Amino acid sequence: MADPKAFLTTPRTLRERRAPRERVQDWAEVNAERGLLPIVGGQADRCMDCGIPFCHRACPLGNLIPDWNVLVSHADWESAANRLHATNNFPEFTGRLCPAPCESACVLAVAGGDAVTIKNVEAAIADQAWALGLAAPRPPEYLSGRTVAVVGSGPAGLAAAQQLTRAGHQTTVYERADRLGGLLRYGIPSFRLEKHHLDRRIDQLRAEGTLFRTGVEIGTDLTAADLRARHDAVVVAVGATAWRELPVPGRELAGVHQAMEYLPLANRVVEGDLADSPLSAAGRQVVIVGGGDTAADCLGTALRQHAARVTQLDINPQPGDARSAAQPWPVHPKVHRLTASHEEAVALSGDPRIYSAVTVSFESDRLGRVRALRLAEAEPADRRPRPGTGRTLPAELVLLALGFRGPQPDSPLIGQLGLTLDADGRLARDRGYAAGPDGVFVAGDAGRGQSLIVWAIAEGRSVAAAVDRYLTGSTALPDPVAATDRPIAATDTPPDR
């Protein structure tokens, strides 16, 4: 411990955000550029260096949190960066995008206490590593003569590619989009992750020897047979892109769109690919159906496009401000949170969320465009509409943010590689990421289903270990999670590893 009394004398302090009314006028990250380092030094001091650090167990990456907290408290940024990168390939991503289950498991959070601001410390270390030149490329000392294909360039695919390249295998990443990054590029808005962070890491991978091919869809532009003929092993990390639908009357109306139809277009405008989005929320009455992170991203995007009004519908009841008995410490609880996007909405016109709201139907204007959404209160037991509670909201643009199941089931990649889907629509695999056909492995949301970025990176690291073992008979690469591991739950038992 850097300061054995800091957890008693220093209050929890979060990184400062720019003023909401200022930041909705641009697409830059919501955090203030300055002032983080003085904050994180004191916050790192608050870490108690627990004998059993539950933050390790809550993070699938196994981040060595107490270790780098002590180093940050002494301003030893080089050692802190080394400890952080020992478990996490992309900490500047997770320090911005992860909801921080590690903080929920912090011992200081027992009985409702204030956890160490682990996420802010992580982001500070990552940013300092780049600023001080501590994130130099690490090309392999020798090449194995083996080749690996990684299909998909999201966080799981990039993590797998970096680990395999550093292990000496010639690794090529295939991406069907025109740019690399997957969900990080076109799903996450720039106000949460500016794309120069992503571009910088991709440049690092290139300098280490990873090859990239964009605009190549495996199964269409390049057959799976050709892919397997070119490579000794294949990692499928195509993400979970099969969105959940809302089968209610009027779903076919113009103006009702999936969130992942809306967000990529907005991101392309920011990237300079488009002059304007054909689904822009500018001047329109917008309704977002869904209560998760994707819905919050839609909200922040619509505010920056200057929507006339934005309403968000969540079918679940409003959670409490504190964890319930059903979600005891160290479980990451579902509590009422104000994301940066909701903070902006509150500053402009009030909290946009309507809880316990079930969408009943959409109403059309005379041209076949959506003009209203009919909703009702959801019954607590089964989420069905409660009779007599119906009402109508004006809606000119409806965005469905209901989550994702797994990869596209009709993808030619699946059939050509001989992969199968499980009952939940995910690619089937064993606990060691092997997918059935010899030399083919599945990692990330494609096999796990929609999950957090830390799970994607952890699976990318572990699948790299599995591939390395397959190619060479053994591995020294880290293997943080099995494909069957799950987040801490109220009835959790230690994993059998």
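Structure first, text after, so check above.
This is a predicted model, so every value here is computed, not measured.

Bringing helix α16 (residues 340-348) into the picture now. Three or more residues of α16 are buried, namely Ala-340, Ser-341, His-342, Glu-344 and Ala-345. On its buried side, α16 packs onto α2 (20-23), α15 (293-304), β7 (309-314) and β8 (353-355). Residue Gly-350 follows α16 closely and has a positive phi angle near 110 degrees.

It is worth spelling out the sheet that holds strand β1 (residues 147-151) at this point. Taken together, the five strands give an open sheet; going across it, the order is β3-β2-β1-β4-β13, and neighbouring strands pair in parallel fashion. Each edge of the sheet is formed by a strand with only one pairing partner; in this case those strands are β3 (211-214) and β13 (440-442). Pairs of neighbouring strands in the sheet enclose a mean axial angle of 20 degrees, with direction left out of account. Summarising the sheet, β1 and strand β4 (residues 233-236) pair through four bridges and their orientation is parallel. The residue of β4 that forms the bridge with Val-148 is Ala-233. Against the sheet, helix α10 (residues 155-166) touches β1, β2 (170-175) and β3, its axis set at about 165 degrees to β2.

What follows covers the pattern of salt bridges. Under the counting rule described, the total for this entry stands at 32 salt bridges. Measuring nitrogen to oxygen at the nearest pair gives 2.9 Å for the salt bridge that ties Glu-245 to Arg-251. The partner of Arg-384 in a salt bridge is Asp-382, and the shortest N-O contact between them spans 3.7 Å. Put simply, Asp-178, Arg-179, Arg-185, Asp-199, Arg-268, Glu-271 and Asp-273 are held in one network by salt bridges that share partners.

Our next topic: unusual backbone geometry. Excluding glycine, most residues fall at negative phi; most peptide bonds, likewise, are trans. Following Trp-329, the chain continues into Pro-330 via a peptide bond in cis, with omega recorded as 10 degrees. Mapped onto the elements, Pro-330 comes out in the loop between β7 and α16. Residues other than glycine seldom take positive phi values, yet Asp-49 does so here, at roughly 50 degrees. The topology assignment puts Asp-49 in the loop between α3 (36-45) and α4 (54-58). Although it is not a glycine, Tyr-433 sits at a positive phi angle of roughly 75 degrees. By the secondary structure assignment, Tyr-433 is in the loop between α17 (412-417) and β13. Accessibility expressed as a relative area gives 1% for Tyr-433, which makes it buried.

This structure, assessed with the given rule, holds four aromatic pairs. The ring of Phe-191 has Arg-304 sitting right over it, with the charged end atom 3.9 Å from the ring centre.

All right, on to the environment of Pro-387 then. Topologically, Pro-387 is positioned in the loop between β10 (370-377) and β11 (391-394). For Pro-387 and Ala-376, which are eleven residues apart along the polypeptide, the C-alpha to C-alpha distance reads 7.9 Å.

The next subject is the side chain of Lys-195. Take Lys-195: it is sitting in helix α12 (residues 195-208). No salt bridge is formed by the buried Lys-195; its nearest oppositely charged neighbour, Glu-271, is found at 6.2 Å. Of note is the side chain of Lys-195, whose polar atom sits 2.7 Å from the backbone oxygen of Leu-184. In terms of polar contacts, Lys-195 uses its side chain to reach the backbone carbonyl oxygen of Ile-188, at 2.5 Å. Setting aside residues up to four positions removed in sequence, Lys-195 forms contacts with Leu-184, Arg-185, Ile-188, Pro-189, Ser-190 and Glu-271.

Conventions used here
- Residues numbered from 1 in each chain as written.
- Predicted model: local features only at pLDDT ≥ 70, side-chain atom pairs only at ≥ 80, totals over all residues.
- Heavy atoms only, no water.
- Buried < 20%, exposed > 50% of the residue type's maximum accessible area, 1.4 Å probe, protein only.
- Helix = DSSP H or I, 4+ residues; strand = E, 2+ residues; numbered from the N terminus.
- Contact = heavy atoms within 4.5 Å.
- Pairing = 2+ DSSP bridges.
- Axes fitted to C-alpha atoms, helices over the stretch in contact; angles between N-to-C directions.
- Salt bridge = Lys/Arg side-chain N within 4 Å of Asp/Glu carboxyl O.
- Phe/Tyr/Trp six-rings, centres within 6.5 Å; stacked < 30°, edge-to-face > 60°.
- Lys NZ or Arg CZ within 6 Å of the ring centre and 35° of its normal.
- Lys, Arg positive; Asp, Glu negative; His and termini not counted.
- Polar contact = N/O pair within 3.5 Å; in protein donor to acceptor, adjacent residues only side chain to side chain.

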